[in-house]
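Geometric and topological summary
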Amino acid sequence: MKHIISILIENEAGALSRVAGLFSARGYNIESLTVAVTEDPSLSRMTLVTRGSEDVIAQIIKQLNKLIDVVKLIDLADSPHIERELMMVKIKTTEQTRNDLRSVVDIFRGRILDVTANSYVVEMTGSSEKLDAFTSAINSDSIIEVVRSGATGISRGEQGLHL
Amino acid sequence: MELSGAQILLQSLADEGVEYIFGYPGGAVLHIYDAIFQQEAVKHILVRHEQGATHAADGYARATGKPGVVLVTSGPGATNAVTGIATAYMDSIPMVVISGQVSSPVIGSDAFQEVDMVGITRPCVKHNFLVKDVTKLAETIKKAFYVATTGRPGPVVVDIPKDMTAPNITVPYKYPKKISLRSYNPVVHVAKEQIKAAVELLLSATKPMIYAGGGVVLGEASAELTDFTRVLGYPITNTLMGLGAYPATDKQFVGMLGMHGTYEANMAMHESDVIIAIGARFDDRVTGKLDEFCPYAKIIHIDIDPASISKTIKKIAIPIVGDVKPVLKQLLECLKENKKQPNKKALDAWWQQIDEWRAVQSLEYDRTSDLIKPQFVIEQLYQVTKGDAYVTSDVGQHQMWAAQYYPFDKPRRWINSGGLGTMGFGLPAAIGVKLAFPEADVACVTGEASIQMCIQELSTALQFKTPVKIINLNNRYMGMVRQWQEFSYQSRYSNSYMDTIPDFVKLVEAYGHVGIRIDKPEEVRPALEQAFAMKDRTVFLDIMTDRTENVYPMIEAGKGHHDMKLRVALGTSMDRELA
Ligand SMILES: Cc1cc2nc3c(=O)[nH]c(=O)nc-3n(C[C@H](O)[C@H](O)[C@H](O)COP(=O)(O)OP(=O)(O)OC[C@H]3O[C@@H](n4cnc5c(N)ncnc54)[C@H](O)[C@@H]3O)c2cc1C
Ligand SMILES: Cc1ncc(C[n+]2csc(CCOP(=O)(O)OP(=O)(O)O)c2C)c(N)n1
Ligand SMILES: [Mg+2]
């Protein structure tokens, strides 16, 4: 099953490679990994999407917790949460396809950021599944480039991951 | 008080109570070596190869329980230390390794002797630091010791760029008394319910087993383990790393378990219905084939590291994350409060069964041979040292024989590389032990292949007067490799033999020590006595053992505990087999 693990980690040089190194050394897979500094500049927030059996996920969480730089972490899959990913897609357009494409973008609540005679750049946020659904809804031959941020997430309700 | 970074480092080590640093100089650490020259609190042991420094510090740490400290230069000095760091990491040994680094402004420019030490060691340290600010140096050293010695211990590397130790830059010095890290909290509290549940399960057992490992040694909990085991009256086995945690000469001890464990230990594990694992990590050398491991048992697992629990063996009935010593105390208390007693009738039957397994005498060997049997040498070593020596070893058959035939009654006496299995460990480790305990007998049991991996440390032994006794079980083979080739590759002995083995007697004499070659069984005892009588000399006994002796019992790869290869197959007579 897919798990989104949200990590608060010391904002130190090398912290990212400790996490990435752990995954490669122990043979866990990373589907995506995003990092950015938090409102407290001494901490970074990392969101990691991985897949594995319950046993594997349990080990991943234990091993991550063992890293000295990791302050706290949660597996978002354990409770209701919101998942968002940002995607930008560059798409070939023609006179004939432009209108259709615009309505698909609307249905998916995307935005068109850039327009040229022969292309659109579409911005879209949502769960990774929604983004997948969009790219499969349009003609794959027309896609010039896809840029995805990887998923981030936050739990629902008052509880939060902080110090 | 204003000090330079180099002085701060030395003063921090002194304030940390460090007696010895094991090291080797070079460009990036010259400021530090100059500071070493100008102080006396911390003694520097100059090794002959940085691997030796890490193993010596490691041996010191294993024997004393205190962290070992290493100092190496950047680049090749640092990479040479990596094997020793990984060795300590795999066996959870507290160690602080200071490595020099090129000056901060040139880091990343492929400067002379630059290597990314923090990057290289990341997978084999508990943690590492790159010092970027000399005002934080003392605090970083404090953190390094704190992390290395608390929780599940391990090595910590502190990489110090040369400019951080420059003599012309001085800053105020104050060594922190205490330190805490918001991201690291090694103290764990164990819920009473878990303890109660464990006791209930233990008392319900009909075929109980106690399986205790290196965590008991690391956690200084031998006394508690012994009490606990005696109160219950249950059989106990130790892992290779746990030997000495429970007195091996006690009748409740059934020997080591695992690949080269005794028949009784492995059979009892296999048949057991309740196993309590204490500071042991279900290593593959112990479990054999995972699906066939202890099929009937409910398992209680005590470990300070949550990641050790359910890592290889998933079916843990009662996990207890905590420090062995307090947990064992809690268990003992709870046992005393509980009205139930162990099931006497079932236990008697269980012991009877175990005694039948014991009667197989899986460690018996041919005592009538004209050749020197390696097992005989270890038994003689045990007698000559009255069972009270510190024994280090290298890796191979000799290591297993030392583990099997020298019953350790005390923890921290058996010092070997279990997890990484590093040949070359034994001699430098012995030097570290001897520095810690100058009055004690220290023996290094080794093989003619292993000893050559760190033989240069004989020179260190002379300089620092560490008269250890080297017991070289010379079978003219990489015996352990040859044994696997005999069993699994139809005796195709590919490269497990060296036909240019040095004359060790001459070699050790050249290093300034005493060398004695032994060819006959009757020479073994007198030579050992002679060696240990020479209190102030390092003595190398080059003992020509039976070339093709194997280590038994053996659980071959992919087999379960009940599927052991014995020296004498069950149902055959020893006499017939040996004839
Ligand atoms: C040639 C060769 C053959 C071998 N054959 C065998 C064999 O037949 N049998 C065998 O047993 N081994 C054998 N080994 C060794 C094996 O590879 C492992 O090193 C060993 O089994 C691990 O021992 P352990 O489980 O006690 O764990 P250790 O490596 O000693 O780990 C200790 C465990 O205790 C925990 N711990 C640490 N401190 C505490 C504390 N304070 N409180 C609670 N828990 C704590 C740690 O988290 C860890 O999980 C062999 C090695 C070699 C090189
Ligand atoms: C550094 C290193 N290289 C290779 C090995 C693999 N290895 C394990 S035992 C062994 C042979 C050891 O031979 P020797 O020291 O003579 O001991 P014996 O088995 O003959 O007692 C080898 C090569 C190892 N454990 N460590
Ligand atoms: Mg050999």
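Here, residues in each chain are numbered from 1, in the same order as that chain's written sequence. Whichever chain is written first is A, and whichever ligand is written first is 1; the rest continue in order. For this predicted model, a pLDDT threshold of at least 70 governs which residues receive local features, and a threshold of 80 or more governs which side-chain atom pairs are given and counted, while totals over whole chains, interfaces and linings are taken from all residues. Remark: hydrogens and water are excluded; side-chain values derive from all non-hydrogen atoms of the structure.

A run of H or I in DSSP becomes a helix once it reaches four residues, and a run of E becomes a strand once it reaches two; helices and strands are each numbered from the N terminus. In terms of helices and strands, chain B carries 21 helices and 20 strands. To get the radius of gyration, use the C-alpha atoms; to get the globule rule, take the number of residues to the power 0.38 and multiply by 2.2 Å. Radius of gyration (C-alpha) of chain B: 25 Å, near the 25 Å computed for a compact globule of 579 residues. Over its C-alpha atoms, taken along the principal directions, chain B stretches across nearly 75 × 60 × 40 Å. Three labels apply to residues, based on accessible area from a 1.4 Å probe with only protein chains included: buried if under 20% of the type maximum, exposed if over 50%, partly exposed otherwise in between. The buried share of chain B, taken over its 579 residues, is 60%. On chain B, roughly 22,600 Å² of surface is accessible, and the fraction owed to carbon and sulfur atoms is 53%. In short, Shrake-Rupley with a 1.4 Å probe defines the accessible areas, and a residue's cover is counted only from the protein chains shown.

Let us now look at the environment of A:K92. Residues and elements named next belong to chain A. Mapped onto the elements of the fold, K92 is located in strand 5 (residues 81-92). Measuring from C-alpha to C-alpha, the distance between K92 and D141 comes to 8.4 Å, with 49 residues separating the pair along the chain. Contacts: residue pairs with any heavy atoms within 4.5 Å of one another. K92 has contacts with T97, N118, S119, D141, S142 and I144, leaving out every residue within four places of it along the chain. The term polar contact refers here to a pair of N or O atoms within 3.5 Å; inside protein, the definition further demands a hydrogen-donor-capable atom paired with an acceptor-capable atom, and it admits residues adjacent in sequence only when both atoms are side-chain atoms. Within polar-contact distance, the side chain of K92 engages the backbone oxygen of D141 at 3.4 Å.

Moving on, we get to the pairing of strand 2 (residues 32-37) of chain A. Residues and elements named next belong to chain A. A strand pair is defined by DSSP finding two or more bridges across the two strands. Summarising the sheet, strand 2 and strand 3 (residues 43-51) pair through 6 bridges and their orientation is antiparallel. In the sheet register, V35 faces strand 3, and the bridge partner there is M46. Taking the residues between adjacent antiparallel strands as the criterion, strand 2 and strand 3 are bridged by 5 residues.

With that settled, consider the sheet that holds strand 15 (residues 390-393) of chain B. All names here are of chain B. Strand order across the open sheet formed by 6 strands is 16-15-17-18-20-19, with parallel pairing between neighbours. The strands lining the two open edges of the sheet, one partner per strand, are strand 16 (414-415) and strand 19 (514-518). Lines fitted to C-alpha atoms define the axes here, with helix axes fitted over just the stretch in contact, and angles between the N-to-C directions of these axes take values from 0 to 180 degrees. Sitting on the sheet, helix 15 (residues 397-405) touches strand 15, strand 16, strand 17 (442-447) and strand 18 (469-474), and the angle it makes with strand 17 is about 140°.

A few words on the pattern of salt bridges. Residues and elements named next belong to chain B. Any Lys or Arg side-chain nitrogen located within 4 Å of an Asp or Glu carboxyl oxygen qualifies as a salt bridge. Counted by the stated rule, this structure contains 41 salt bridges over all chains. Across the pair E379 and R367 runs a salt bridge, and its minimum N-O distance is 3.0 Å. On the criterion of sequence distance, the pair formed by E379 in helix 14 (residues 374-384) and R367 in the loop between helix 13 (344-358) and helix 14 is long-range, its members being 12 residues apart. We classify E379 as buried; its relative accessible area is 17%. R367 gets classed as partly exposed once you look at its relative accessible area, which sits at 48%. The salt bridge partner of R567 is E549, with a shortest N-O separation of 2.9 Å. Of this pair, R567 sits in the loop between strand 20 (539-544) and helix 21 (574-578) while E549 sits in the loop between strand 20 and helix 21, placing them 18 residues apart in sequence. Judged by relative accessible area, which is 5%, E549 ranks as buried. Taken together, the salt bridges that share partners define one network made up of K373, D546, E549 and R567.

The next point concerns the interface of chain A and chain B. The partner chain B presents 19 residues to the 19 residues of chain A that form the contact. Interface area, chain A with chain B, both sides summed: about 1,500 Å², of which 48% is carbon and sulfur. Taken as a group, A:R18, A:K62 and A:I68 account for 43% of the area that chain A buries against chain B, more than any other trio of residues on that side. Where chain A packs against chain B, one counts 3 salt bridges. In this structure, B:R182 engages A:D40 in a salt bridge whose closest nitrogen and oxygen atoms are separated by 4.0 Å. Inspection of the region where chain A meets chain B yields 9 residue pairs in polar contact (both at pLDDT 80 or more). Broken down by secondary-structure element, the contributors of at least two residues to the side of chain A that touches chain B are helix 1 (15-26), helix 2 (54-66) and strand 4 (70-75) of chain A. The element that contributes the greatest number of residues to the side of chain A that touches chain B is helix 2 of chain A, accounting for 5 residues. In this description, buried area is defined as the sum, over both parts, of the accessible area (probe of 1.4 Å) that is lost when the two are combined.

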